[in-house]
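Summary of the model geometry
Here is how the chains run, residue by residue.
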Amino acid sequence: MKRLKMMAMALMMGASALAQVPAYLDDSQPLEVRVQDALSRMTTHEKIQLLHAQSKFTSAGVPRLGIRQLNMDDGPHGVREELEWNTWKPARWTNDSVVAFPSLTCLAATWNPELSAVYGNAVSEEFAFRGKDVMLGPGVNMARTPLNGRNFEYMGEDPYLAGHMIVPYIRSAQANGVACCLKHFALNNQEIDRFAVNVNVDERTLHEIYLPAFKAAVQEGGVWTVMPSYPLWNGIHCCQNDSLLNGILKRDWGFDGATISDWGGTTDTWQAATGGLDIEMGTFTDGKVKEAEFGYDDYYLADKFEKLIDEGKIPMSVLDDKATRVLRTIFRTSMNRQKVIGSLCSEAHYDACLRIGEEGIVLLKNAEDMLPLDFNRYERILVVGENAVRSLTKGGGSSELKTLHDWSPLESLQKRFGAKIDYAQGYSSGRAMYDKVDPVDPALSRQLKAEALEKARQADLILFIGGMNKNCRQDCENSDRENYHLSFGQDELIQELAAIQKNIIVCTFGGNAFATPWIDEVKGFVHAWYLGSMAGEALVRVLDGTVNPSGKLPVTFARRLEDYPFMEYGAEAYPGVNKQVYYKEGIFMGYRHFDTRKVKPQFPFGYGLSYTTFEYGKSRLSSKTLSDGKIVLSVDITNTGNRAGKETVQLYIGQRKPSEVRPVKELKAFEKVELQPGETRTVEFSIDRSMLSFFSAKSHDWVVEPGRFDAYVCASSADVRGQADFRVE
Ligand code: BGC
């Protein structure tokens, strides 16, 4: 009897507990109601716990209240392998192999926002399946110098291209309940002295060149988390920079999510607390305490911050704001019941990887229409170069991936053409290492070269497959390249091979522009960035014509390093002197410089060939004057060749007589169209005032001046196919 009574009571209690689901656990409640309800139930200490790491890649939730932690991981090209809870050592799990997706520079080179959405969806499904809530990426720092070791993780040199391409990535990733963590905010444009360099950049350049892609990601992409960067701006580390985080990001742009410090980017409790940092990750020991003894409560936003709150030196409202932002992130991700389960290494993910890779590959030279290759015409095809076999998903720093399988170019070629394919390594670069360069034995280099030259004499076609890799001082975090050339003797090797066999095509991987002193001696040149797991398949499908290339450069390939604008100003402009770097070239970065100053690049921004040809009709404007609305520019594009292909039509705009100096023209819109042979389509661009403004150094704001403007319809920044001018009232 007694037992029955107890059971009845328990049932009643259960029912009443059900009836009273706290608001923060009730999905039907608005997000802000849930967040405030959760906050109202938390102690000061519990709020503090939300604000710093509890392991290398997680931050705590509130276990007592059933509020989950945040599981984070790199980013941005796939999910990094599991590391030990408290160290940087691999955890050696056996279920964490993933698909490596193409590098973000490759995505930018597709100029196809639909593929950005495909990318964001696929990569976030892998994050979800691995139990991750926050993907550390994507990054939209600008490629100011081709020497920057991390450009491969970013989206090129133009703020509009990067911003426009990153928005669909973020939206589709977050629609799956996985937060993107936009990095590295801001000015992380070199790896040399990345922890200590103070960036001096004028206000106009900051707003016109280095911030717009971040702004688009926040305001149009609605990104949920942002990673402030290592360097300093105005003498303060970006991770705790009040003007940058509280001012620009949160107040001016209305960012409502959480900032997550770059790992080890926090250096001071007061600055971090008051400077807009919400979650502190990866902090290094303070030098007094050994790594092993340094605990998470020693972090700047842990006990030290709690003490300042308890003493009333920093108001509770500051803590509440941070906790609110972290709770929002938790409810959007780890406690989001709509979050997808995801999948790992699915056919759809390999397919996405392949499609993005194929469209990002850029055909830069095709003499005598030698490409696409008719493999039947050749008897003995020699493949030369280390990147034909090397896994380029390894190395590079935090973006390194543990993959289930990578298709190398040699493997993909042999699969199709079997015995016809011979291989010689030609050069060696050593192992992929993050912090040092493997010395390569000169005798080995000589031997590899001699072998390649010997085999070249027997071949009737040479495919050179080289470029950069992700070794230290190639394309790798924490170091920049040492010069603008391909390393390991590749330039000389290509020239010597070309002297033996004139049928030579150069294919390169790499995240940066580089010198091509051999360009006149080779028949074809294809640049492939990093293509991830399906690298070989994507490259071979372009070479054999299964895919018609349609990538265009998101960066300028200068003839010489000296032609880049920062080079005019010596070490102060790059990499800095006494930890001060000055962006002296100002707004004239990338094609804005080459174009305005008439410096001829080797391959201009926006350039890329196809196996077909496109004709541009006359540009027509719906009106010759623009007041408040918009005018429409239309242009007919015709595929005049005999195979289907895609063309990216680029709209640049320039102002005739601005009151402050401006580039002759800047990218303002683009559209990629697919056309069958003989097909014509009309591309339309809407031009409104927002596309005409510049950030005035005088009024400290965006201004549009009345006067004459020119709209340029282009196939690249240096290839104007149509022009129309209009007046702004
Ligand atoms: C990198 C970040 C990365 C973090 C965690 C840092 O060194 O700069 O991009 O997300 O490490 O691995």
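Residues numbered from 1 in each chain as written. Predicted model: local features only at pLDDT ≥ 70, side-chain atom pairs only at ≥ 80, totals over all residues. Heavy atoms only, no water.

1. Let's talk about the domain arrangement of the chain
What the domain assignment lists for the chain is domain 1 (42-68 + 233-332), domain 2 (347-555) and domain 3 (612-728). Distance between the C-alpha centres of domain 1 and domain 2: 44 Å. (Domains from an automatic or database assignment.)

2. Some words on the nonpolar core
Counting residues in hydrophobic clusters, the biggest one holds 152 residues, and the most contacted among them are Y169 and F185. Setting aside chain neighbours within four positions, we find Y169 in contact with P76, L104, L107, S116, A117, Y119, G120, V123, M135, P138 and C180. Counting residues in hydrophobic clusters, the runner-up holds 46 residues, among them L50, L51, A272 and V326. (Core = buried A, V, L, I, M, F, W, Y, C linked by side-chain atoms within 4.5 Å. Buried < 20%, exposed > 50% of the residue type's maximum accessible area, 1.4 Å probe, protein only. Contact = heavy atoms within 4.5 Å.)

3. Section: the site of the ligand
Near the ligand you find 14 residues, and of these D74, R150, H184, D262 and E477 are the closest. The side chain of R80 places a nitrogen or oxygen atom 3.1 Å from an oxygen atom of the ligand. Between the ligand and the protein, one listed contact pairs an oxygen atom with a side-chain N or O atom of R150 at 2.7 Å. Its free accessible area being 310 Å², the ligand has 96% of it covered by the protein chains. (Near = heavy atom within 4 Å. Polar contact = N/O pair within 3.5 Å; in protein donor to acceptor, adjacent residues only side chain to side chain. Areas by Shrake-Rupley, 256 points an atom, 1.4 Å probe, with all protein chains shown as cover.)

4. Description of the sheet that holds strand β14 (residues 504-509)
The pairing of strands in a sheet comes from backbone hydrogen bonds and takes either a parallel or an antiparallel form. Strand order in the open sheet formed by six strands is β10-β15-β14-β13-β11-β12, with mixed pairing between adjacent strands. The open sheet has two edge strands, β10 (362-366) and β12 (421-424), and neither has a second partner. Within the sheet, the average angular offset between the axes of one strand and its neighbour, ignoring direction, is 15°. Where helix α14 (residues 409-417) meets the sheet, its contacts fall on β11 (381-384), β12, β13 (461-467) and β14, and the angle it forms with β12 comes to roughly 160°. Of the strands in this sheet, β13, β14 and β15 (524-527) are in contact with helix α17 (residues 535-543), which crosses β14 at around 145°. (Pairing = 2+ DSSP bridges. Helix = DSSP H or I, 4+ residues; strand = E, 2+ residues; numbered from the N terminus. Axes fitted to C-alpha atoms, helices over the stretch in contact; angles between N-to-C directions.)

5. Remarks on the sheet that holds strand β5 (residues 198-200)
Pairing in this open sheet of four strands is mixed, and the strands run β8-β7-β5-β16 from one edge to the other. Of all the strands in the sheet, the pair left with one neighbour each is β8 (236-237) and β16 (580-582). Here two bridges tie strand β7 (residues 232-233) to β8, and the two strands are oriented antiparallel to one another. From the neighbouring strand, L232 faces β8, where its bridge partner is H237.

6. Observations concerning the pattern of salt bridges
Summed over the entire model, instances satisfying the criterion amount to 54 salt bridges. Across the pair R337 and D27 runs a salt bridge, and its minimum N-O distance is 3.1 Å. Of the two residues, R337 is situated in the loop between α12 (316-332) and α13 (347-360) and D27 in the loop between α1 (2-19) and α2 (31-40); the sequence distance between them amounts to 310 residues. By relative accessible area, R337 is classed as exposed at 62%. A salt bridge links K402 to E81; the shortest N-O distance between them is 3.8 Å. With a gap of 321 residues between them, K402 in the loop between β11 and α14 and E81 in the loop between β2 (70-74) and α4 (104-110) connect regions that are remote in the sequence. The structure contains a network of salt bridges with shared partners spanning R150, E153, E191, R194 and E477. (Salt bridge = Lys/Arg side-chain N within 4 Å of Asp/Glu carboxyl O.)

7. Some words on unusual backbone geometry
The step from D74 to G75 runs through a cis peptide bond, and the omega angle for that step is -5°. The residue G75 is located in the loop between β2 and α4 in this model. Residue P372 follows L371 across a cis peptide bond; omega there is -5°. Within the secondary structure, P372 is located in the loop between β10 and β11. With phi around 60°, R92 is a residue other than glycine that occupies positive phi space. Note on placement: R92 falls in the loop between β2 and α4. You can call R92 exposed: its relative accessible area is 74%. Its identity is not glycine, yet L187 carries a phi of approximately 65°, on the positive side. Note that L187 resides in the loop between β4 (179-185) and β5.

8. Some points on the environment of E454
Relative to the assigned elements, E454 resides in helix α15 (residues 442-456). Along the sequence, E454 and K584 sit 130 residues apart, while their C-alpha atoms lie 49 Å from each other.

9. What about the packing of α15 against helix α16 (residues 490-500)?
Taken N-terminus to C-terminus, the directions of α15 and α16 make an angle of 20°; their axes are 9 Å apart at the nearest point. Here α16 runs roughly parallel to α15, going by the angle between their axes. For the crossing formed where α15 meets α16, the hand is right-handed. Facing α15, whose interface residues are K449, A452, L453 and A456, α16 presents E492, L493, E496, L497 and I500. Taken together, the residues of the contact of α15 with α16 sort by class into six nonpolar, no polar and three charged. (Parallel < 35°, antiparallel > 145°, perpendicular 65-115°, else oblique. Left-handed = near helix turned anticlockwise from the far one by under 90°. Nonpolar A, V, L, I, M, F, W, Y, C, P; charged D, E, K, R; others polar.)

10. Things to note about the state of the cysteines
Two cysteines form a disulfide when their sulfur atoms are joined by a covalent bond. Going through the model one piece at a time under the given rule, you end up with zero disulfides. C239 carries a free sulfur, and the closest cysteine sulfur to it, the one in C238, is 7.3 Å from it. C476 forms no disulfide, and the closest cysteine sulfur to it belongs to C472, at a distance of 5.9 Å. (Disulfide = S-S within 2.5 Å.)

11. Regarding helix α7 (residues 203-210)
For α7, the buried fraction is high: seven of the eight residues fall into the buried class. Residues of α7 that are buried include every one of R204, T205, L206, H207, E208, I209 and Y210, and no others. Near the N-terminus of α7, the side chain that reaches the backbone nitrogen of R204, with its oxygen 3.1 Å away, is that of D202.

12. Notes on the pairing of β14
Here β14 lies mainly inside the structure; six of its six residues are buried. Because side chains alternate across β14, one face comprises the buried residues I504, V506 and T508, and the other comprises I505, C507 and F509, equally buried. Handedness of the crossover is the feature at issue here: the chain leaves β13, passes through α16, returns alongside β14, and the resulting connection is right-handed. Where β14 meets β15, four bridges bridge the pair, whose relative direction is parallel. Each residue of the ladder has a partner; that of T508, found in β15, is H527. (Right-handed = clockwise from strand over helix to strand, strands pointing away.)

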